[in-house]
Protein chains: 2
Amino acid sequence: MKRVLLRIAYEGTAYSGFQIQPNAPTIQEAVEEAILQVTGEKTEIMGGSRTDAGVHALWNVAVFDTNSPIPGEKFCYALNGHLPEDVRILASTEVPEDFHPRKCDSTKTYRYQIETGRIYNPLQKNFYHFTYQGLDVEAMQKAAKYIEGTHDFKSFCSAGAQVSTTVRTVYEVKVEKEEEKVLITVKGNGFLYNMVRIIAGTLMEVGYGRLAPEKLPEIIEAKNRKAAGPTAPAKGLILLQYDIDNMPGIL
Amino acid sequence: MKRVLLRIAYEGTAYSGFQIQPNAPTIQEAVEEAILQVTGEKTEIMGGSRTDAGVHALWNVAVFDTNSPIPGEKFCYALNGHLPEDVRILASTEVPEDFHPRKCDSTKTYRYQIETGRIYNPLQKNFYHFTYQGLDVEAMQKAAKYIEGTHDFKSFCSAGAQVSTTVRTVYEVKVEKEEEKVLITVKGNGFLYNMVRIIAGTLMEVGYGRLAPEKLPEIIEAKNRKAAGPTAPAKGLILLQYDIDNMPGIL
């Protein structure tokens, strides 16, 4: 028996999110089905981030246990032959048998992508939230600074989450403008349910001029979902990186 | 009556090409249907490049005649409200009534996109041809130089094309490597049926080491489709730009 860690990339458009559920296509189901095809073993993978329907990933992680003789680092090639073309295992490796991606220190980096041109580019339609209203990027950058640090992020958490604490540490919130695109990159040790999309939705309210950057501390302090802005649409969100803190470079 | 010129962008994945045909979705049909919705007029658009099934465009062009009071430059907004989300009119403007995009001097720029990494990025699956074999980019660059200039490109034309001459002028063939991507940019005054994809397929043969760059003059001289390499898959091809030579900046 060994435990194998996977780096999973996917376009989330056609999926009802990462986590398995009845009567809906999920990333978890696709990967478990590929493992069954390759090993003959029915297994349950333990995922890193449970991304929502329509959210993409360049680097999510999952582990599973197997008695297969296939070496850990070869599993990616074997599984890709049995996965739909919008899901790829970019790397795989053996890890200690007690390793769990959600029970270790890790750093997740998300990017929220916004297109602000007059008319959106149809080649990027699944990966950008489109708004034809202008965004004040400097104001968004000011507001972003207040989000950095260790806070109780209850105001940035959708109902339905079961967590023991809503305190998280956000290492960085970067807002950049590239031509007509606005990119929000958020890095932290963990994120609550919908947290990155609520951060993006709140920063967009600031960008539209409907919320002053200086209001952010009050919003955090309120510890009330209603204090923050709306949840930004899923398709603009990409999980860019999922680093295991004490295993740098493992994938 | 006025003639309106459109700049059309589309993800070609779900379409059987630009040109209308029975029982298959086409870009032409989608645009004509949108014009009907907006103006109430049944019309036939005259397209610039008749891109194949699966080929994308950031800048194809088409004209149509209308009695609508909508100003030429406002048509893009009106039409986008009636188009599927993978087709967008990026700009529109009125042109002289005798203007036809295929009966004027124009410069088309295409890009063929190849991903050569170990495992492809699923977020880009519709826009890159994937090959895990390495490509010798320097050899491809040498071969590309032979394609530039005015030649009879019969060797680079699929059967079925009805053209009075197979002589075309290719202004530039650029091969660039960006990390694990190889990008072939081809600019010319006109292209034969499948010509850019056959150029890409032939340059890939060179990149794989199966064809010497110095063989290119012989291939051109042969004036025989069998002399060139295979037609590269459609999904890697994007029509980047369609400039009307005597109307710079019109769109």
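Keep in mind that this is a model prediction, so the values were computed, not measured.

(A) Focus on the packing of aromatic side chains. Residue and element names in this part refer to chain A. Throughout the structure, instances matching the rule amount to twelve aromatic pairs over all chains. With a centroid separation of 5.3 Å and an interplanar angle of 85°, the aromatic rings of F64 and F75 are classed as edge-to-face. With F64 in strand 3 (residues 56–66) and F75 in helix 2 (residues 75–80), the pair connects residues that are eleven residues apart, well separated along the chain. Here F64 falls in the buried class, since its relative accessible area comes to 0%. Take F75: its relative accessible area is 0%, and that puts it in the buried class. Here the aromatic cluster, defined as three or more aromatic residues joined through ring pairs, consists of Y120, F130 and Y132. Over the face of the ring belonging to Y128 we find K181, whose NZ or CZ atom lies 4.8 Å from the ring centre.

(B) Structural detail: the relation of the copies chain B and chain A. Overlaying chain B with chain A gives an RMSD of 0.0 Å, the required rotation being 180° about an axis along which the chain moves by 0.0 Å. On this basis, the relationship between the two copies can be described by a two-fold rotation axis. Rotation axis and chain B: the residue whose C-alpha lies nearest the axis is B:Q124, separated from it by 4.9 Å. Most of the interface of chain B is mirrored in chain A, where 100% of its interface residues are also at the interface.

(C) Highlighting the interface of chain B and chain A. Across the boundary between the two partners, chain B contributes 25 residues, which contact 25 residues of chain A. Taken over both partners, the interface formed by chain B and chain A buries close to 2100 Å², and the fraction arising from carbon and sulfur atoms is 63%. Among the residues chain B hides against chain A, the three largest losses belong to B:I119, B:P122 and B:L123. Together they make up 30% of the total. Our count for the contact surface shared by chain B and chain A stands at one salt bridge. One salt bridge connects A:K125 with B:E11, and the closest N-O pair in it is separated by 4.0 Å. Counting every contact that joins chain B to chain A gives eight residue pairs in polar contact (both at pLDDT 80 or more). Where the side of chain B that touches chain A is concerned, the elements lending two or more residues are strand 1 (2–10), strand 3 (56–66), helix 2 (75–80) and strand 4 (87–95) of chain B. Considering each element in turn, the side of chain B that touches chain A owes the most residues, five residues, to strand 4 of chain B. Residue composition of the side of chain B that touches chain A, by class: 16 nonpolar, three polar and six charged.

(D) Seen up close, the pairing of strand 9 (residues 181–188) of chain B. All names here are of chain B. For strand 9, the tally of buried residues reaches seven of eight residues, placing the bulk of the element in the interior. For strand 5 (residues 106–115) and strand 9, the ladder comprises eight bridges, and the chain directions are antiparallel. Bridging across to strand 9, K108 finds its partner in G188.

(E) Up close: helix 1 (residues 27–39) of chain B. Residue and element names in this part refer to chain B. In a regular helix each residue adds 1.5 Å, so 13 residues correspond to 18 Å; helix 1 covers 18 Å between its end C-alpha atoms and thus fits that length. Every buried residue of helix 1 is accounted for by I27, Q28, A30, V31, E32, A34, I35 and T39. Packed against the buried residues of helix 1 are strand 1, strand 3, helix 2 and strand 4. In the segment just after helix 1, G40 is the residue with positive phi, at about 75°.

(F) Geometry of the pattern of salt bridges. Residues and elements named next belong to chain B. Under the defined criterion, the tally for this structure stands at 15 salt bridges over all chains. K215 is the salt-bridge partner of E218, the closest N and O atoms lying 3.8 Å from each other. For E218, a relative accessible area of 52% puts it in the exposed group. Owing to a relative accessible area of 38%, K215 belongs among the partly exposed residues under this scheme.

(G) Layout of helix 3 (residues 137–147) of chain B. Residue and element names in this part refer to chain B. Looking at helix 3, one finds that the buried residues are V137, A139, M140, A143, A144 and I147. Seen along its axis, helix 3 keeps its buried residues to an arc of 150°; they face one direction. Seen from the buried face of helix 3, the exposed residues on the opposite side, beyond 90 degrees, are E138 and K145. Where helix 3 is buried, its residues meet strand 7 (149–152), strand 8 (167–178), strand 9, helix 4 (195–207) and helix 5 (216–222). Two to three positions downstream of the cap, the backbone nitrogen of E138 sits 3.2 Å from a side-chain oxygen, assigning the N-cap of helix 3 to D136. Within two residues after helix 3, G149 carries a phi angle of roughly 115°, on the positive side.

(H) Structural view of unusual backbone geometry. Backbone geometry at B:N23 places phi at a positive 60°, although glycine is not the residue there. By secondary structure assignment, the location of B:N23 is in the loop between strand 1 and helix 1.

(I) A look at the packing of helix 3 of chain B against helix 4 of chain B. All names here are of chain B. Remark: helix 3 packs on helix 4, axes separated minimally by 8 Å, with the N-to-C direction vectors making an angle of 140°. By the angle class used here, helix 3 and helix 4 are oblique. Note on packing geometry: the crossing formed by helix 3 with helix 4 is right-handed. For the pair helix 3 and helix 4, the contacting residues are A139, M140, A143, A144 and I147 in the first and I199, L203, M204, V206 and G207 in the second. Grouping the amino acids of the contact of helix 3 with helix 4 by side-chain chemistry returns nine nonpolar, one polar and no charged.

(J) The side chain of B:S158, seen in detail. Residues and elements named next belong to chain B. Tracing the sequence through the fold places S158 in the loop between strand 7 and strand 8. For S158, a relative accessible area of 12% translates into the label buried. In terms of polar contacts, S158 uses its side chain to reach the side chain of N194, at 2.8 Å. With near-sequence residues (within four places) excluded, S158 lies in contact with Y193, N194, I198, R225 and T231.

(K) Molecular detail of the side chain of B:T131. Residue and element names in this part refer to chain B. Turning to its location among the elements, T131 is positioned in the loop between strand 6 (129–130) and helix 3. T131 gets classed as buried once you look at its relative accessible area, which sits at 6%. One polar contact links the side chain of T131 to the main-chain amide nitrogen of Q133, over a distance of 3.2 Å. Within the structure, T131 has its side chain in polar contact with the side chain of Y208 (distance 2.9 Å). Among residues more than four places away in sequence, those in contact with T131 are I114, E115, T116, G117 and Y208.

Cut-off values and rules
Per chain, the residues get numbers from 1 upward, laid out in the order the sequence is written. Lettering of chains starts at A and numbering of ligands starts at 1, both following the order in which they are written. It should be noted that, the model being predicted, local features are given only for residues of pLDDT at least 70 and side-chain atom pairs only at 80 or more, the latter also being counted only at that level, while totals for whole chains, interfaces and linings use all residues. Side-chain measures here rest on the full set of heavy atoms in the structure, leaving out hydrogens and waters. Working definition: a ring pair exists when centres of Phe, Tyr or Trp rings (six-membered ring for Trp) sit within 6.5 Å. Plane angles under 30 degrees give stacked, over 60 give edge-to-face, the rest tilted. Helix numbers and strand numbers start at the N terminus; a helix is a DSSP run of H or I with at least 4 residues, a strand a run of E with at least 2. For every residue, the accessible area obtained with a 1.4 Å probe (protein chains only) is divided by the maximum for its type, and the residue is called buried under 20%, exposed over 50%, and partly exposed between those limits. Charge over a ring is defined by NZ of Lys or CZ of Arg lying within 6 Å of the ring centre and within 35 degrees of the ring normal. Alignment of the copies relies on least squares applied to C-alpha atoms, considering only residues that score at least 70 for pLDDT in both. Any two residues whose heavy atoms approach within 4.5 Å are treated as being in contact. A simple way to read buried area is as the amount of 1.4 Å-probe accessible surface that goes missing from two parts once joined, with both sides added. Each salt bridge in this description consists of a side-chain nitrogen of Lys or Arg and a carboxyl oxygen of Asp or Glu lying within 4 Å of one another. Pairs of N or O atoms within 3.5 Å make up the polar contacts considered here, provided that, within protein, one atom can donate a hydrogen while the other can accept it, and that residues adjacent in sequence are counted only when both atoms are side-chain atoms. Ten residue types, Ala, Val, Leu, Ile, Met, Phe, Trp, Tyr, Cys and Pro, are classed as nonpolar, four, Asp, Glu, Lys and Arg, as charged, and the remainder, Gly among them, as polar. DSSP-based pairing: two strands are paired if at least 2 bridges between them are found. Given a helix with a known number of residues, its expected span is that number minus one, times 1.5 Å. Of all possible arcs, the one meant is that of the directions from the helix axis to the C-beta atoms. To define axes, lines are fitted to C-alpha atoms, for helices over the stretch in contact only, and angles between the resulting N-to-C directions are given on a 0 to 180 degree scale. Relative orientations are named as follows: roughly parallel for angles under 35 degrees, roughly antiparallel for angles over 145 degrees, roughly perpendicular for angles from 65 to 115 degrees, and oblique for any other angle. It is the rotation of the near helix from the far one that decides the hand of a crossing: anticlockwise by less than a right angle makes it left-handed, clockwise makes it right-handed.

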